[in-house]
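# Residue-level structural notes
Each chain, letter by letter, is given below.
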Amino acid sequence: MTDQTLPHSQHKASDAELSVNASGNNLANSRKVFVKTYGCQMNVYDSQRMADSLAAEGYVTTDSADDADMVLINTCHIREKASEKLYSALGRLRNMKNKRQADGKDLIIGVAGCVAQAEGDEILRRSPTVDLVVGPQTYHRLPQALKQVREGRQVVDTEYAIEDKFEHLPVATREQVRKRGASAFLTVQEGCDKFCTFCVVPYTRGSEVSRSVAQIVSEATKLVQAGVRDLTLLGQNVNGWHGVGDDGREWGLGELLYHLAEIPGIARLRYTTSHPRDMDEMLIKAHGDLDILMPYLHLPVQSGSDRILKAMNRKHKGADYVQLIQRIRAVRPDLALSGDFIVGFPGETDEDFEDTMQLVRDVRYAQAYSFKYSPRPGTPGADLPDHVEESVKDERLQRLQALLSEQQYAFQDSLVGTEMDVLLEKPGRFEGQMIGRSPWLIPVIIDNEQGEVGDIIRVRVISTGTNSLMAEKLA
Ligand code: 5AD
Ligand code: SF4
């Protein structure tokens, strides 16, 4: 595996394979849908909303394609490897559908997400067994599209909707929220206007759109009332969020966080993913003022070289980023950082790469994601001269990942002996064991039953595992 894949990132990206869990609601006559999710947390959230929308049509979710009447693949287009996953999954589903049809049954195959948006009809051309292609802006029209499929048509619906999809998507029921646990995502912003030269997002997800304060507060309140305690606000460029606040003034993400912190029962807030250019004063201040804003920030820098940052159109220098981190750490000293890095962007020299290594040493990450540059058709980066050889990218990635792993373990080791609050999330592998979530997202294993899912308990860390902490409850 070349991409670094560590748990809990917004950008487990190409390697993440998450499925919307079975509802456990095995009504004999209801139809079943299996939703397979690739990519970022935005896709996880979208998959849940699609499942909610299909629930209104009588579908219950299932964990496996084998007993599903419909399989919906929510795709990621960020790197070539991520897109390819769709076609290998479709190959397997085609065989399954053929077998079903030989037995006089059927299987509806749907493709959603960023590959659906980018490739549209091309998906039907390459895989004629697909029934339905829906883009990320049209999920609220899924029931109508499905009706057409049942009438025997193949449907491609990737036209950007004029209407606000969120207004038309049904909100999860209390029961659905409970099943998903005490942590939840809430999309507050979609799309991106930054046009980093390596990135497809501005083309697949379109320009930036912020949801209204009223919509966000209403959804957040419903989630919290249904038992959610740890809420992550999502957006491709989440700190670009803005909207008119209760006081009639234009708010940024900082003001929104202060406002959401007032919801009774909310225990933890997070947001991801941010651009360094959009970290404004109010947002930095919120990190100092709001205890419930968790001391963990995913703030990608991509490269430490000013030359490469310029070629990437990031619009800041390496030193600006390091200073920004210092300012946030000044108000929140326990802040742990996560980031994304790309090695082998066109024109990257050994010296440029060394600048990235130096930035990593200066910042010290608690964990991070690093990728080899993957040219994406239609993005300016793909047309740049001086593409870096694969073997050089491999070597750089290895060196960077070794440094990032070292920093990750150093961070985890630094927590041994400390006390922290842990949100209990699910039972562990062994009888009585519970798994919880630390403020820094690292899973915490507690050996004896110490409360219920959704409780926040105080623990002391005893030791570390590869990607987890072992802890005991404090009296
Ligand atoms: N090649 C490699 N990595 C990429 N990313 C985005 N586009 C590309 C690409 N073309 C990475 C960036 C981004 C993360 C989601 O994926 O690091 O922050
Ligand atoms: Fe892509 Fe850059 Fe926008 Fe992030 S900020 S989604 S990397 S264009």
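Quantities reported herein were computed from a predicted structural model and do not represent experimental measurements.

With that settled, consider the overall build of the chain. Counting its secondary structure elements, the chain contains 15 helices and 22 strands. For the chain, the C-alpha radius of gyration of 22 Å lies close to 23 Å, the compact-globule estimate for 475 residues. With respect to the principal axes defined by its C-alpha atoms, the chain has extents near 65 × 60 × 50 Å. Across the 475 residues in the chain, those meeting the buried criterion constitute 59%. A separation of at least 24 residues holds for 72% of the contacts in the chain among residues at least 6 apart in sequence. With an accessible surface of roughly 20100 Å², the chain has 49% of that area assigned to carbon and sulfur atoms. Counting 56 positive and 68 negative side-chain charges, the chain places the centres of these two groups 3 Å from one another.

What follows deals with the pattern of salt bridges. Summed over the entire model, instances satisfying the criterion amount to 31 salt bridges. Its salt-bridge partner being Asp-352, residue Arg-307 comes within 2.6 Å of it at the nearest N-O pair. Linking Arg-307 in helix α12 (residues 306-311) with Asp-352 in helix α14 (residues 350-363), this pair joins segments that are 45 residues apart in sequence. For the salt bridge of Arg-460 with Glu-419, the shortest nitrogen-to-oxygen distance reads 3.7 Å. With Arg-460 in strand β21 (residues 456-464) and Glu-419 in strand β18 (residues 419-427), the pair connects residues that are 41 residues apart, well separated along the chain. Because the salt bridges share partners, they merge into one network encompassing Asp-230, Arg-268, Arg-270, Glu-425 and Arg-437.

This part covers the nonpolar core. Counting 55 residues, the largest nonpolar core has Leu-231, Leu-233, Tyr-271 and Tyr-365 as the members making the most contacts within it. With residues up to four places along the chain from it excluded, the contact list for Leu-233 reads Leu-186, Val-188, Val-238, Leu-253, Leu-256, Leu-257, Leu-260, Arg-270, Tyr-271 and Thr-272. Ranked by size, the runner-up nonpolar core spans 22 residues in total, among them Tyr-38, Val-71, Leu-90 and Val-115.

Another aspect to go through is the UniProt feature "domain: MTTase N-terminal" (unreviewed entry) in the chain. The sites that carry the UniProt feature "domain: MTTase N-terminal" (unreviewed entry) are, in the present numbering, residues 31-151. Between the first and last C-alpha atoms of residues 31-151 the distance is 16 Å; the span itself is 49% helix and 21% strand.

With that settled, consider the site of ligand 2. Every residue lining ligand 2 is accounted for by Cys-192, Lys-194, Phe-195, Cys-196, Phe-198, Cys-199, Val-201, Pro-202, His-275 and Arg-314. Tallied by class, the residues present in the shell around ligand 2 amount to 7 nonpolar, 1 polar and 2 charged.

Time to look at a negative patch on the surface. Together, Asp-306, Asp-320, Glu-351 and Asp-355 give the surface a local cluster of negative charge. Relative to the assigned elements, Asp-355 resides in helix α14. Asp-355 sits in the partly exposed class, given a relative accessible area of 34%.

Attention now moves to the side chain of Asp-131. Note that Asp-131 resides in the loop between α4 (121-126) and β6 (132-134). The class for Asp-131 is buried, based on a relative accessible area of 13%. Each residue touching Asp-131, except ones within four places of it in the same chain, is listed here: Lys-97, Leu-107, Ile-108, Ile-109, Val-149, Arg-153, Gln-154 and Val-155.

This part covers the site of ligand 1. Every one of the 12 residues lining ligand 1 counts as a neighbour, but Arg-79, Phe-198, Gln-302, Asp-340 and Ser-374 are closest to it. In this structure, Arg-79 approaches ligand 1 through a side-chain N or O atom, which is 2.8 Å from an oxygen atom. Contact between ligand 1 and Phe-198: a nitrogen atom at 2.9 Å from a main-chain N or O atom of the residue. Starting from 410 Å² of accessible surface for ligand 1 in isolation, the protein chains cover 96%.

Turning next to the packing of aromatic side chains. When we look at a pair of aromatic rings, we describe it by the centre distance and by the angle of the planes. Throughout the structure, instances matching the rule amount to 5 aromatic pairs. Centre to centre, the rings of Phe-195 and Tyr-203 are 5.6 Å apart; their planes meet at 75°, and the pair counts as edge-to-face. Taking relative accessible area as the criterion, Phe-195 reaches 36% and is therefore assigned partly exposed. In this structure Tyr-203 comes out as partly exposed when scored by relative accessible area, which is 40%. Measuring from centroid to centroid gives 5.3 Å for Phe-341 and Tyr-365, while their planes differ by 85°, and the two rings are edge-to-face. Here Tyr-365 lies in the loop between α14 and β17 (367-372) and Phe-341 lies in strand β16 (residues 336-343), a separation of 24 residues in the sequence.

The 5 strands lie next to each other as β18-β19-β20-β22-β21, forming a closed barrel whose pairing is mixed. Mean inter-strand twist for the sheet, computed between neighbouring axes without regard to direction, equals 55°. Direction of pairing for β21 relative to strand β22 (residues 469-473): antiparallel, over a ladder of 5 bridges. Pairing of Thr-464 across the sheet is with Leu-469, part of β22.

Let us look at α14. Between its first and last C-alpha, α14 extends 20 Å over 14 residues, near the 20 Å set by a 1.5 Å rise per residue. All of the buried residues in α14 are Asp-352, Phe-353, Thr-356, Met-357, Leu-359, Val-360 and Val-363. Buried residues in α14, looked at end-on, bunch into an arc of 155°, giving them a common side. Across from the buried face of α14, at angles greater than 90 degrees, the exposed residues are Asp-350 and Glu-351. Those residues of α14 hidden inside the fold are in contact with α12, α13 (318-331), β16 and α15 (390-415). Of the residues flanking the end of α14, it is Arg-364, one or two places downstream, whose phi is positive at about 65°.

Rules used throughout
- Residues numbered from 1 in each chain as written.
- Chains lettered and ligands numbered in written order.
- Predicted model: local features only at pLDDT ≥ 70, side-chain atom pairs only at ≥ 80, totals over all residues.
- Heavy atoms only, no water.
- Helix = DSSP H or I, 4+ residues; strand = E, 2+ residues; numbered from the N terminus.
- Rg over C-alpha atoms; globule rule 2.2 N^0.38 Å.
- Buried < 20%, exposed > 50% of the residue type's maximum accessible area, 1.4 Å probe, protein only.
- Contact = heavy atoms within 4.5 Å.
- Areas by Shrake-Rupley, 256 points an atom, 1.4 Å probe, with all protein chains shown as cover.
- Lys, Arg positive; Asp, Glu negative; His and termini not counted.
- Charge placed at Lys NZ, Arg CZ, Asp CG, Glu CD.
- Salt bridge = Lys/Arg side-chain N within 4 Å of Asp/Glu carboxyl O.
- Core = buried A, V, L, I, M, F, W, Y, C linked by side-chain atoms within 4.5 Å.
- UniProt positions renumbered as here; feature names shortened; annotations may be inferred.
- Near = heavy atom within 4 Å.
- Nonpolar A, V, L, I, M, F, W, Y, C, P; charged D, E, K, R; others polar.
- Patch = residues over 30% accessible without salt bridge, like charges linked within 9 Å, V, L, I, M, F, W, Y side chains within 5 Å.
- Polar contact = N/O pair within 3.5 Å; in protein donor to acceptor, adjacent residues only side chain to side chain.
- Phe/Tyr/Trp six-rings, centres within 6.5 Å; stacked < 30°, edge-to-face > 60°.
- Pairing = 2+ DSSP bridges.
- Axes fitted to C-alpha atoms, helices over the stretch in contact; angles between N-to-C directions.
- Expected span 1.5 Å × (residues − 1).
- Arc of directions from axis to C-beta.

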